[in-house]
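Listed here are the chains, written in short residue letters.
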Amino acid sequence: MGKIDYSSTLCKALSQIADHPQLRIKHRPVRYENGTVLPVEITGVFPAISGKAELTVDKFLGGGFAGQVYRCKLTGLELPAGTFIPGLEKDQLYAIKIVIPPSSFSRWFRNTTYWLAFQGPFSSQVNHGACRAGLLWQKLVRRAGLVKFGRETAVKDAYASFWDANLNAYGEITEWVEGRMWNLEADEDITKRFDWRNVPLEETGSPEYVDKRRFMRDMVELMHDMGAPEFARQYEWSTMKSQPNCMKRTDTADGGLCAIDFRAGLALLPWLPMSPGDFKLIFNGLKRGALVQFDRCDLAKMEAYVAAHPAVFADVQPMIDELKVQDRAYRRSLLDITHHGLRPLFDKELKLDIVNGLVEGYVADDLVDEAFAEKLRKGGLTFSFFHLIGAVPLLGKMIRQRWGSAHFRQHMLGIFTKPDYFKTALKARAAHDLIGWHRAGRTDEARTRKLAEKPAAFFLEKFTIGRLPIGLHRFCIRPSIAWNGIVAFFKFIYDFAKDEAFREKWFLDQVAEGEADGMLTKEEHDHIVSIIKEPYIVKYLKSMAVHFCTIPVTQIVSVITGAFVAAYVYHQTGDKSDASLAFAGIVALFQVTPVSPGSLCRGFYVVYLMIRERNWRDYLVAAPLSFVKYIGYLAFPLQMTTTYPHLARFLVSRRATSVVHIIPVFGEHGALLEHWVFDLFFNIPQIMGRHTRGLLTTWMVLGIAVLGPLLAIADTPKGIVGLSIALVAVFICPRLVFYPILSRNKKQAT
């Protein structure tokens, strides 16, 4: 999905309306805007010194199941006199994670899976012990990096924890790592990767791929050795989504890899594997006696590891002592029937700890105020009844809020008895929800302001067309959006085809974004910019205009053909359902065929260039690939591989992976699927290009072997003609046309 532009100033203004001082309840922000100042009380990881800090949000980096991440500047720091927290310095940048997802669906799904596993609230968000234990483990693993990797920089440092009273969640201050994900590397022999454990990096075309796989294996081994097998899930290669948890550092002399994420977002349930690697993890967990998995560790094994390396861990005993205390408090705050079993029935202290843990979750969800929370912490019938009400679908939360929060009762009373309060509350809630709409692109700035002034209109829209997907919602409000989009698309194609300066600007913007995304180094960026006037690059940009024009051809032809077929079927049968199925089938068929009307247009254009310029050599790769659907858009970048390797790699990787990033979780930048798609669209065609002559001959022989016997037994002129055309066009022509060209090119090369 492309980046959505929205007004941060408008969101801040709406936040002020949502947080109206007269309201008895608080509409909590979903996330923070850039420039927001966060005053927090912090506790250092090691040493555990308490103090105050002021964090200024520099950039919101995104969020997932584990929480939301920011880059912040430490603009204020107050610690007791004569003390300091190593690594924390004023005016430096830090990574801040607050353990609550910005997405309501992610929050619901994460909390639901965690509750099914442990029968309690998501502890890292609401439990002090869980927050501290995770950071202490990260600090210990960082120190163990000296043993495994010979350097602490292999693991991101952790500095402090804090409680965010606005979001009702714990947060952590960790090292800001300057780095990048892996380069998508041009590799003419990807089979060498299969022996990634042994192949020398200098002998493979994918050294970063192999190096990262070895590093992640070593991280998994290290955490297993330390007694943290469930933490190791963050670095299991086979999950296909753990690769972004490692970055290649650009802020250290060695430029080594760094493990940057130790907070899992989802509990692993035995009946709900969510990646290929989860099957292995579930099986290994069952062998250890762990039915559900998240972050449980073996502290005895950790202490044995520390004792085996006394020189490295000479000063960490206070950290270990705190970890034991915090981990125990964390584990005892959950019902966790897979580990506690029936103990809560007769262990009063454990039962009280579990009650306190559940009440922490009620407070974080704004179900109860502090006064009522104190009553619940005593247990008894009040707690039992309150807890059981939560099992009632839909009404459970409403009943518990009205019972457990005096502020919420006052809020509801004001809505029903005070017209002015009702208007204020309505406007505040509309403003709060409109922030999410505006950020997601449902409403532009003008419409957001309009709806904020008319909350009744907003709620009418919210509960009607506001339930639709974003694109349909916007279309219903402003049908002209679709027409404007079509006009903008064709205007872009027209400008791209006619205006050389427009083409160059588009190309330079793409290259600049590639450098910003880490797909190009500065040296590669500068080199590509320097060759923009070269004839082949100019020719490539002109050809791109034709390629853009072919994008809608297949869809238009498929719809027209489908309509004719549907009309014919309806005329023959009179059945609308059969006609609809015929239309859908024709449209679907056009999407899966390897050659389409659009790809034919593109391919014939390339053939036209070859004839007009009497130049075969510059189109040897582009010509056949242009006829193939989807891959054809990459024909010219693949053609440039030899002459402009950096540019070719960048263009293919950018286009091929942009589609992958639409896929949730597995399509994340830096994940394994991204690399697989790059291989599919770049490396594999390059490898196949070296064997094209043999493949063409094999393809022709295969066609003769399959269709020859069918021709021999064909007994109708129609069948003989059809099979003959298929044999010549599909199997024999590619061999006759391209084999001589490739043979000539090989002789020229020698």
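The preceding data block contains the structure.
It should be emphasised that the depicted structure is a prediction, and the values quoted were computed from it without experimental measurement.

## Describing the environment of Gly64
Relative to the helices and strands, Gly64 resides in the loop between strand 2 (50-63) and strand 3 (68-78). The residues contacting Gly64, other than those within four sequence positions of it, are Pro101 and Pro102.

## Observations regarding a nonpolar patch on the surface
On the surface, a cluster of nonpolar side chains totalling about 540 Å² of accessible area is made up of Trp699, Leu702, Val706, Leu710, Ile713 and Val730. Considering every element that reaches the nonpolar patch, the biggest residue donor is helix 31 (residues 692-713), with five residues. Along the chain, the position of Trp699 falls in helix 31.

## Comments concerning the sheet that holds strand 6 (residues 169-175)
Taken together, six strands build a closed barrel; the order of strands is 1-2-3-4-6-5 and the barrel is antiparallel. The sheet shows a mean angle of 40° between the axes of neighbouring strands, taken without regard to direction. Where strand 1 (residues 37-44) meets strand 2, seven bridges bridge the pair, whose relative direction is antiparallel. Counterpart to Val40 in the pairing with strand 2 is Ala53.

## Quick look at the pairing of strand 1
Of the two faces of strand 1, only one is covered, namely that formed by Leu38, Val40, Ile42 and Gly44; the face formed by Val37, Pro39, Glu41 and Thr43 stays uncovered. With three bridges connecting them, strand 1 and strand 5 (residues 158-164) associate as antiparallel partners. Note on strand 5: the bridge partner recorded for Ile42 is Phe162.

## Considering helix 14 (residues 395-404)
Each α-helix turn comprises 3.6 residues. Residues three or four places apart therefore point the same way. Looking at helix 14, one finds that the buried residues are Gly396, Arg400, Gln401 and Gly404. Across the axial projection of helix 14, the buried residues extend over an arc of 125°, all falling on one side. Buried-residue contacts for helix 14 involve helix 11 (348-364), helix 12 (370-377), helix 13 (380-389) and helix 15 (406-417).

## Points about the side chain of Gln125
Structurally, the position occupied by Gln125 is in helix 3 (residues 123-126). A residue is classified by how much of its surface remains accessible, and Gln125, at 5% relative accessible area, is buried. Apart from residues lying up to four places away in sequence, Gln125 is in contact with Val99, Ile100, Arg110, Trp163, Asn168, Ala169, Tyr170 and Ala364.

## Focus on the nonpolar core
Grouped together as the largest cluster of nonpolar side chains are 91 residues, with contacts concentrated most on Trp137, Val141, Met219, Met223, Phe507 and Met640. Once residues lying within four places of it in the same chain are set aside, the contact partners of Val141 are Val155, Met219, Leu222, Met223, Met226 and Phe262. By size, the runner-up hydrophobic cluster in this structure holds 23 residues, among which are Leu38, Ile49, Ile85 and Leu88.

## A closer look at the packing of helix 15 against helix 16 (residues 419-440)
Running from N to C, helix 15 and helix 16 cross one another at 115°; their axes reach a closest spacing of 6 Å. You can see that helix 15 and helix 16 cross each other, and the crossing is left-handed. For the pair formed by helix 15 and helix 16, the contact residues are His411, Gly414, Ile415 and Thr417 on the first element and Pro419, Tyr421, Phe422 and Ala425 on the second. Here the residues of the contact of helix 15 with helix 16 sort into five nonpolar, three polar and no charged.

The rules behind the values
- Residues numbered from 1 in each chain as written.
- Predicted model: local features only at pLDDT ≥ 70, side-chain atom pairs only at ≥ 80, totals over all residues.
- Heavy atoms only, no water.
- Helix = DSSP H or I, 4+ residues; strand = E, 2+ residues; numbered from the N terminus.
- Contact = heavy atoms within 4.5 Å.
- Patch = residues over 30% accessible without salt bridge, like charges linked within 9 Å, V, L, I, M, F, W, Y side chains within 5 Å.
- Areas by Shrake-Rupley, 256 points an atom, 1.4 Å probe, with all protein chains shown as cover.
- Salt bridge = Lys/Arg side-chain N within 4 Å of Asp/Glu carboxyl O.
- Pairing = 2+ DSSP bridges.
- Axes fitted to C-alpha atoms, helices over the stretch in contact; angles between N-to-C directions.
- Buried < 20%, exposed > 50% of the residue type's maximum accessible area, 1.4 Å probe, protein only.
- Arc of directions from axis to C-beta.
- Core = buried A, V, L, I, M, F, W, Y, C linked by side-chain atoms within 4.5 Å.
- Left-handed = near helix turned anticlockwise from the far one by under 90°.
- Nonpolar A, V, L, I, M, F, W, Y, C, P; charged D, E, K, R; others polar.

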